[in-house]
Amino acid sequence: MGGGVRALMRRKQVDSERARPAGSSHQLRKELSITQLVAIGVGSTIGAGVYVLVGTVAREHSGPALTLSFLIAGIAAALSAFCYAELASRCPSAGSAYHYSYICVGEGVAWLIGWALILEYTIGGSAVARGISPNLALFFGGPDSLPWILARHEIPWLDVVIDPCAAFLVFLVTGLLCVGIKESSFVQGVVTVLNCFVMLFVIIAGSYIGFQTGWVGYKVAGGFFPYGANGMLAGSATVFFAYIGFDSVASTAEEVKNPQRDLPLGIGTALSICCSLYMLVSVVIVGLVPYFAMDPDTPISSAFARHGMHWAMYVVTTGAVLALCSTLMGSILPQPRILMAMARDGLLPSFFCDVHEKTQVPVKSTILTGICAAALAFFMDVSQLAGMVSVGTLLAFTIVAVSILILRYVPPDEVPLPSSLQASFRLSQENDEEKLRDTLQDEDHEQGTSEISDVVIESVMDPLIEKQLYASKLDETKRRKTAACSIASVCIGVLVLTTSASATFLPFLVRCFVCAFGGLLLLTGLGVLCWIDQDDGRHSFGHSGGFICPFVPLLPVMCILINTYLLINLGGGTWMRVGVWLVMGVFVYIFYGRTHSSLTDVVYVPVAQANEIYGSASSSGFVA
């Protein structure tokens, strides 16, 4: 039992390149610049949802205050983006949230995060591919006007509607991703730019119409907040998921030329562009048509049609198709890198970490990902499973924020030593013990055993020496324990607070009491973290010179609170389906990952000692 708990808590080292030989067959090619990162981030984030969300959220939640809903959701997403930016620049390796949690939290949590992300990207890619064919059919005259070979067909005896067009598009994107990261990011950049031009057309043409007609949507009887502030906040929770996708940038960290500079800029710029476009589109569309008269399915096309611009439907549909294609690429791109990172660590078979010699991308993992996503898109309507995508993302956002707190207050002070260096480590330990024994024996002969004992006792009892040797170490140990308990208090408090606040079936007084208890735990932990000092080891954690997350611990704690609240409110059905997948992952870990992990029987040594061992190994010409 104790060995199983230790296995769940073992952590790998930050510098993953140190653990892999130079010229390893598992290395990815560094090709990406900041412009390509922005293209990946914007392309993965702006999907066809924006062409639908503005109508649904305005009608049901926000009204004309839709723009503020997008702004608040963008700020909430920025909290996670700040955390991602620091960890991505400090630990620029494939794996994204899985990699960060493995370094900061432990193997058990990292496995669950990686397993949840696999589900997220597979279902996300399938759902996006299924949404392309209905939009594409509009160019052929109607919803059912695609050519027979691409059109949807129902298999009566199985009650299944197959979608050849969706499967074909998944295979097309998979082939493009196998060509190389530089080529695929270029194509995604072109598609993203075209989609942005469509959104700019909506903004410019809609503004012209709005100034001509007097912005009738803002002159409704209900005012700017017809559903009140609560409605606006409910709309923010809904449109928050329109910002999911910027984490795809972090998954390509190992392929970035200058990760310390480009990754934070890429994540921040992509999120800023998305937020600006969302807000501008919502300002225009809500002003053209009263919120209660919006078409919930095609709000933008119908808004232009109301003012005589029926041809604009084709422009908007083009934007929706381009957005879906770009999002499809953003959904399939990260998963092979997650699989590769998990296979590198021994948690999955080595098949997944093979990198093609010519293209230097994980071709085998990419092809397998494409086959699974294409099969789902071909046979199954996964729209009812779309909520499972949000679980993986929100879990990743939450654990990344927790990792920031751990990095700042209790960063790992021991690192695993590779098995190839453990022999030299034990030899150096034996040599040190032998030298110490010889020294004590020599002194014993010269001065006598009793004199040595007196000197040792006097030295230990000397208050000045005791203070110099032990006081600082004891204080630091106490500070780390206090910080760890405070982080645990924050996490437990957030979980209790959000769960009780969402448990409407409980009596009012019980909910108030439990909420107060959770809030007390949260505020106590946050207060202690604000009061104590951060760990000096944070300065040497990973690569230096990158982005530093501001307002720690307040910003990560807010991120944990928001994401946990959204997780709790995803619904019982979604959690039951995700629970089945996570239980499957637990069995895979127990029967394969736990015993095949690269950290099995590993020796942990202090960071300073590990650096000395690596330095002596490199000076002697030994390569780990």
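To keep things clear, this report deals only with the structure shown in the data block. (Residues numbered from 1 in each chain as written. Predicted model: local features only at pLDDT ≥ 70, side-chain atom pairs only at ≥ 80, totals over all residues. Heavy atoms only, no water.)

1. Re the overall build of the chain
In terms of helices and strands, the chain carries 23 helices and four strands. Within the span of the chain, comprising 624 residues, buried residues form 51% of the whole. When contacts within the chain are restricted to residue pairs at least 6 apart in sequence, long-range pairs at least 24 apart make up 85% of them. (Helix = DSSP H or I, 4+ residues; strand = E, 2+ residues; numbered from the N terminus. Buried < 20%, exposed > 50% of the residue type's maximum accessible area, 1.4 Å probe, protein only. Contact = heavy atoms within 4.5 Å.)

2. Description of unusual backbone geometry
With omega at 15°, the peptide bond leading from V552 into P553 counts as cis. Relative to the helices and strands, P553 resides in the loop between helix 20 (508-531) and helix 21 (554-568). Of note, the phi angle at S96 is positive, near 55°, even though the residue is not glycine. Residue position: S96 is located in the loop between helix 4 (66-90) and helix 5 (97-104). Despite not being glycine, F551 has its phi angle at roughly 55°, a positive value. Structurally, the position occupied by F551 is in the loop between helix 20 and helix 21.

3. Some words on the nonpolar core
Y51, Y84, I300 and L328 are the most contacted members of the largest nonpolar core, which has 163 residues in total. With 15 residues, helix 16 (residues 386-409) is the largest single contributor of residues to this core. (Core = buried A, V, L, I, M, F, W, Y, C linked by side-chain atoms within 4.5 Å.)

4. Structural notes on the pattern of salt bridges
Within this structure, the stated rule accounts for 14 salt bridges. In this structure, the salt-bridge partner of R479 is E476, at a minimum N-O distance of 3.0 Å. Here R479 and its partner E476 are both found in helix 19 (residues 463-502), three residues apart, which amounts to about one turn of the helix. Because the salt bridges share partners, they merge into one network encompassing D413, E476, R479, R480 and D535. (Salt bridge = Lys/Arg side-chain N within 4 Å of Asp/Glu carboxyl O.)

5. A short note on helix 9 (residues 228-239)
Spanning twelve residues, helix 9 covers 17 Å between terminal C-alpha atoms, matching the ideal 16 Å at 1.5 Å per step. Turning to helix 9, its buried residues are G231, M232, G235, S236 and V239. Taken down its axis, helix 9 places every buried residue within 145° of arc, on the same side. Tucked into the core, helix 9 has its buried residues touching helix 3 (50-62) and helix 4. (Expected span 1.5 Å × (residues − 1). Arc of directions from axis to C-beta.)

6. Some remarks on a nonpolar patch on the surface
A contiguous nonpolar patch, built from F186, V187, V190, V193, L194, F197, L200 and I204 and spanning about 740 Å² of accessible area, is present on the exposed surface. Overall, F186 belongs to the exposed group, its relative accessible area being 57%. (Patch = residues over 30% accessible without salt bridge, like charges linked within 9 Å, V, L, I, M, F, W, Y side chains within 5 Å. Areas by Shrake-Rupley, 256 points an atom, 1.4 Å probe, with all protein chains shown as cover.)

7. With respect to helix 20
The terminal C-alpha atoms of helix 20, which comprises 24 residues, lie 34 Å apart, in line with the 34 Å expected from a rise of 1.5 Å per residue. Those residues of helix 20 lying buried are C515, G518, G519, L522, G525, L526 and L529.

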